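One letter stands for each residue in the lines below.
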Amino acid sequence: SSDENTVWYFYWGRNASLVIPLLKKRKFFVCCRFHGYDLYAERNKGYITYQHAQVAYSDLLLPCSAHGASYLGAKYPGAAAKIYTARLGARYYRRIEAKDDGVLKLVSCATVRPVKRLHILAQALKFVRSKVSWVHVGGGGTHLEELKKIAAGIQRENISVFFKGSLPSRDIIPYYVEHNFDLFINVSESEGVPVSVMEAFSAGMPVFATDVGGTGEIVDDTVGKLLPKDLSPELLANCIDEFANLSAPVRNELCINSFQRFRDRCDADANARLLAEEIKKRMAV
């Protein structure tokens, strides 16, 4: 096909997308997606190398959240017309059934790194009064070993902790459904719009998540709880106990709302179609 009909699509605003200025010597249509670490300067000691060139030479800039779109537009006002909020998403597998068997089953999913602040969740379990089981999915090297040490120090009869390790992405949602978890928790310091949260919604699981990046665009009290960024272990423990004490009908409503949130905002197939339509429209101009 001719250069005019060729689309180059970069999933991250780092690494491979550094070639974007070279592509514009031809007539390719160039799209560059942005998430979190590849967008926000404050996550990169105040500066992202060559971001200005990526923005200047891309035809379509695709932050995954409205928060990211606002950030990008404020930083590069001359590029505002090229910015389009392109949400990611998850795929549906099967819904979790709401239950109340006396044990609150928590799950988290992330590579264990400082930005994920999983130590806050581990420390919160020292203050939780309810009977809780926490499973973490994801690796993390030395940071994971440090988290395991914190968890090992809890030693309370009402708390159990299990580290599942890494799973292929295709197996994560089936794992949630198979184990019928009650609540997904994300305590990150910074995010774009977390795919892990959208995966939880696709299984109809309520979510607690910190109000960072674009998380507040999909998490609210109808599907769980939007937690403050400066979250303390004690506050998180109180929120977990409150959730554990909810009646079965209220929990069931949260599950229904969570799955509907997936349908409305987090369906990867629907969001991909919207993006394809936007690219086609822009190329026709």
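Model, not experiment: these values are computed from the prediction. Chains are numbered independently. Their residues run from 1 in the order of the written sequence. Owing to the predicted nature of the model, reporting of local features is limited to residues with pLDDT of at least 70; listing and counting of side-chain atom pairs is limited to 80 or more, with chain, interface and lining totals taken over all residues. Processing note: side-chain calculations cover all non-hydrogen atoms of the structure and skip hydrogens and water entirely.

1. Some remarks on the side chain of Arg 251
Here is step 1: Only DSSP runs of H or I reaching four residues or more are called helices, and only runs of E reaching two or more are called strands; each is numbered from the N terminus. Structurally, Arg 251 can be placed in helix H9 (residues 248-265).
Here is step 2: A relative accessible area of 7% means that Arg 251 is categorised as buried.
Here is step 3: For Arg 251, the side chain forms a polar contact with the main-chain oxygen of Ala 244, separated by 3.0 Å.
Here is step 4: Sequence-distant contacts of Arg 251, that is, excluding residues within four places in its chain, are made with Lys 99, Asp 100, Leu 104, Asp 182, Phe 243, Ala 244 and Leu 246. Exposed residues in this analysis have more than 50% of their type's maximum accessible area, buried residues have under 20%, and partly exposed residues fall in between, with area computed by a 1.4 Å probe over protein chains only. For the purposes of these results, a polar contact is taken to be a pair of N or O atoms within 3.5 Å, where, inside protein, one atom must be able to donate a hydrogen and its partner to accept one; residues adjacent in sequence count only when each atom of the pair is a side-chain atom. The contact rule is simple, with two residues in contact once any of their heavy atoms fall within 4.5 Å.

2. With respect to a nonpolar patch on the surface
Here is step 1: Taken together, the side chains of Val 7, Tyr 9, Tyr 11, Trp 12 and Tyr 37 define a hydrophobic patch exposed on the protein surface, amounting to about 440 Å² of accessible area.
Here is step 2: Tracing the chain through its elements places Tyr 11 in the loop between strand S1 (7-10) and helix H1 (20-23).
Here is step 3: Overall, Tyr 11 belongs to the partly exposed group, its relative accessible area being 38%. Every patch collects residues that have over 30% relative accessible area and no salt bridge, joining them within 9 Å if they carry like charges and within 5 Å if they are nonpolar side chains (Val, Leu, Ile, Met, Phe, Trp, Tyr). Note on areas: these come from Shrake-Rupley sampling with a 1.4 Å probe, and a residue is covered only by the protein chains present in the view. Whenever a carboxyl oxygen of Asp or Glu lies within 4 Å of a side-chain nitrogen of Lys or Arg, that contact is scored as a salt bridge.

3. Quick notes on the sheet that holds strand S2 (residues 29-34)
Here is step 1: Pairing between strands requires that DSSP locate at least two bridges from one strand to the other. Sheet architecture is open: three strands sit in the order S1-S2-S3, paired in parallel fashion. Bordering the open sheet on either side are S1 and strand S3 (60-63), each of which pairs with just one other strand. Mean inter-strand twist for the sheet, computed between neighbouring axes without regard to direction, equals 15 degrees.
Here is step 2: Note that S2 and S3 share four bridges and pair parallel. From the neighbouring strand, Cys 32 faces S3, where its bridge partner is Leu 61.
Here is step 3: Along the sheet, helix H10 (residues 268-284) contacts S1, S2 and S3; its crossing angle with S2, the most-contacted strand, is approximately 145 degrees. Each axis is a line fitted through C-alpha atoms, taken for helices only over the stretch in contact, and angles between the N-to-C directions span 0 to 180 degrees.

4. Re the nonpolar core
Here is step 1: Ranked by size, the top nonpolar core spans 31 residues in total, and within it Leu 106, Trp 134, Leu 236 and Ile 240 carry the most contacts.
Here is step 2: Where this core is concerned, the elements lending two or more residues are strand S4 (104-109), helix H4 (118-124), strand S5 (132-137), helix H5 (141-152), strand S6 (159-165), strand S7 (183-186) and helix H8 (233-244).
Here is step 3: It is H8 that contributes the most residues to this core, six residues altogether.
Here is step 4: Leave out the neighbours within four places in its chain, and Trp 134 touches Leu 106, Val 107, Ser 108, Leu 118, Leu 121, Ala 122, Leu 125, Leu 147, Ser 160, Val 161, Phe 162 and Phe 163.
Here is step 5: Residues grouped as a nonpolar core are buried Ala, Val, Leu, Ile, Met, Phe, Trp, Tyr and Cys residues, joined through side-chain atoms within 4.5 Å. Within the second largest apolar cluster, 30 residues are counted, among which are Val 107, Tyr 176, Met 198 and Ile 218.

5. Digging into the pairing of S3
Here is step 1: Of the two faces of S3, both are covered, the one formed by Leu 60 and Leu 62 as well as the one formed by Leu 61 and Pro 63.
Here is step 2: For the handedness criterion, the strands are oriented away from the viewer, and a crossover whose path from the first strand over the helix to the second runs clockwise is classed as right-handed. Read from S2 through helix H2 (residues 51-57) to S3, the crossover connection turns out right-handed.

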